[in-house]
Amino acid sequence: MAIKVTCRYIWRHHLLWPPTKYLNKNYVSNFQTIINSRKYSMKPKENVDVTNLSSQQTHCIQLAHRGIIRVSGKDAKDFLQNLTTNDMICLDRDCSALYSLMLNVQGRVLYDLILYKQTSTASNQSSNQSFMVEAQLDVIPDIIKDLRKYKIRKKVDIVDVSTEIKTWAILPAAFDELQRCSVEISEPQHVISCNEDPRLKTFGCRLILPDTIHAKDVLRYTTEHHDLETYHKRRFKFGIPEGIKDLPPGNCLPLEANAVWLNGISFDKGCYIGQELTARTHHTGVIRKRIMPLVFESDVTSEVISDELITNSNGKKIGKCRDVLGHYGLGLVRYSDAQGSLLVNQAHKCEAVTPIWWPNL
């Protein structure tokens, strides 16, 4: 009985060991050995070149489909800590941008977020923290509604500032390659935040500016690129889901969305909504379906509706298509059956490609 109770304690609390009076040392050692024996590493490949920065020439794209929520107040950090999958403490220690997710109580993805710490020169900065939450513009009202539902008596202010603040993507000159951007800011006083993409550093940079400032006004060696499709094609090619079309609310597990590999989940923080199923799935190591890039033989001219079936050469249903743009798309597919030629809606031929930044499975 003691062993059963203790195992449940371990799973619920991310392998934080209970008091030693419940278990003998040999059992603890053996159990930890089992947990540490992974079939594959959960870290991205180290052979991806992230040290050589791209040339100074970059392209800036305003992400008109993204919005910003400001969450500020004395309890802002703890408030977000209890609702998102990543550890807000990292914004104090290691970085100023963080990829994270909001889950429902069943542990399924509701919204994908990028969190930014908004710096302040005020003397009461520690007591009045301010964070910016980037999400898809269409669901900003829904996110605010969910945030306010959990606010209760916490001292936080939740405001939609999407009309005042805009998000820009800074991409390397070579759109088809994974390279870190060399961004040189000429007018730092106008920049709210500038960070490498927290999901994948070699994807590009994220720039947050007031609505009245253009990215070309604050960056050297950059050219404007008006085509938002280029940004989405780059996402699709390298398998980075974003927004409710790629991650329909309540229909996808965070590990199926590769959130661990995209630095979107912390397994060292405390509890948050949807944490139990996420931790259990991670520690068992069984993730059968994953979001993967789809490369089509030709441009998909007809609209492919989200959730259309994907079948393999044997006619077996192996997943669903999420989105398509030109030659590239994203699909949630069963990885073990995704080899060879595939069909979307029995009409469009494609292949599921393993991104270069994935770990060895």
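An account of the accompanying structure is given in this report. Just so you know, these numbers come straight off a predicted model, no measurement behind them.

## Re the sheet that holds strand S10 (residues 205-210)
The five strands lie next to each other as S9-S10-S7-S1-S12, forming an open sheet whose pairing is mixed. Looking at which strands have only one partner, the edges of the open sheet turn out to be strand S9 (193-196) and strand S12 (222-224). Pairwise comparison of adjacent strand axes, ignoring direction, gives a mean angle of 25° for this sheet. Two elements, strand S1 (residues 58-62) and S12, share three bridges in a ladder whose sense is parallel. Within S12, the residue paired with His 59 across the bridge is Thr 223.

## Quick notes on the side chain of His 65
Take His 65: it is sitting in the loop between S1 and strand S2 (66-73). For His 65, the side chain forms a polar contact with the side chain of Glu 242, separated by 2.9 Å. Discounting residues that sit within four places of it in the chain, His 65 has contacts with Ala 135, Gln 136, Leu 137, Leu 228, Tyr 231, His 232 and Glu 242.

## Quick word on the sheet that holds strand S15 (residues 317-325)
The six strands lie next to each other as S13-S16-S15-S14-S17-S18, forming a closed barrel whose pairing is antiparallel. Each neighbouring strand pair of the sheet contributes to a mean axis angle of 40°, computed without reference to strand direction. One ladder, built from four bridges, connects strand S14 (residues 308-312) with S15; its direction is antiparallel. Bridge pairing in S15 links Ile 310 to Gly 319.

Criteria and thresholds
Each chain has its residues counted from 1, running along the sequence as written. In keeping with the model being predicted, local features are shown solely for residues with a pLDDT of at least 70 and side-chain atom pairs are shown and tallied solely at 80 or more, while totals for entire chains, interfaces and linings include all residues. In computing side-chain values, all of the structure's heavy atoms are included and hydrogens and water are not. Pairing between two strands requires that DSSP report at least two bridges joining them. Each helix corresponds to a stretch of at least 4 residues labelled H or I by DSSP, and each strand to a stretch of at least 2 residues labelled E; elements are numbered beginning at the N terminus. Between N-to-C directions, angles cover 0 to 180 degrees, with each direction set by a line fitted to C-alpha atoms, over the stretch in contact for helices. Counted as a polar contact is a pair of N or O atoms within 3.5 Å, where, for protein atoms, one must be capable of donating a hydrogen and the other of accepting one, and residues adjacent in sequence contribute only when both atoms are in side chains. Any two residues having at least one pair of non-hydrogen atoms within 4.5 Å are treated as being in contact.

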